[in-house]
Amino acid sequence: LVGLRFNVHMPSDTVITKAYLELTALEAQSQTTTLMIAAQDTGNAEAFSATKNLKKKKKFSTQISWKTASWNTNQTIISPDLSDLIKEVISHPDWQSGQALSLFITSSGLRVAKAFEQSSAFAPALVIEYGIPPVPDNPVIFSALASNPENVALSWGDVSLASSYTLERKPY
């Protein structure tokens, strides 16, 4: 069992389009191996320690199966899409942007990737591709128009009920 912990800056309403691990192979392995990846069931994963058993960490039921072919030393390895796992974590009630998430990998064979402790330049990376949340049915529209240095017209409201206000800037 391998544990990977990442600090992630992402609001809970983020639309994740793709997520994957990027690993660097430490050594060549030729036999086919199946890896299973799961996420810790928490919105803020604790740092790993030598005194806490990774097997006892509660995990979400979703797992991603990854059947790997051979690896070559120093080869960059890309996991399958993990967006369902990341969505589970950032949807957790106690999730806040900037907190940590943990992923756990188990395998039926042997694969060895470089770790942060060996080389921070080749440490495992979690890559998340995302977009902004979808626009609601009645978006708030905001605009500002300066008609002269003293007057700025501001408008805001939803599309069907835009309200207009005028602010005046008075000289001191």
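Predicted, not measured: the structure shown is a model, and the values here were computed from it.

Visitor: Explain the pattern of salt bridges to me, and be specific about the residues and the numbers.
Guide: One pass over the structure, following the stated rule, counts 2 salt bridges. Put simply, D41 and K58 hold a salt bridge, and the shortest N to O gap is 3.5 Å. Of this pair, D41 sits in the loop between β3 (33-40) and β4 (59-68) while K58 sits in the loop between β3 and β4, and the two are 17 residues apart along the sequence. Relative accessible area serves as the criterion here: at 58%, K58 is assigned to the exposed category.

Visitor: Please provide a residue-by-residue account of the layout of surface pockets, values included.
Guide: The volume enclosed by the largest pocket comes to roughly 600 Å³. As for the largest pocket, its lining consists of 25 residues, and the residues nearest its centre are V2, G3, L4, A115 and P124. Secondary structure elements with two or more residues in the lining of the largest pocket: β1 (2-7) and β6 (100-107). A total of 5 residues in the lining of the largest pocket trace back to one element, the largest contributor, which is β1.

Reading guide: rules and limits
Residues numbered from 1 in each chain as written. Predicted model: local features only at pLDDT ≥ 70, side-chain atom pairs only at ≥ 80, totals over all residues. Heavy atoms only, no water. Salt bridge = Lys/Arg side-chain N within 4 Å of Asp/Glu carboxyl O. Helix = DSSP H or I, 4+ residues; strand = E, 2+ residues; numbered from the N terminus. Buried < 20%, exposed > 50% of the residue type's maximum accessible area, 1.4 Å probe, protein only. 1 Å grid on protein atoms, 1.4 Å probe; cavity = no way out; pocket = protein on both sides within 12 Å on 5 of 7 lines; lining within 4 Å. Points joined across faces, edges and corners; volume = space filled by probe spheres on them.

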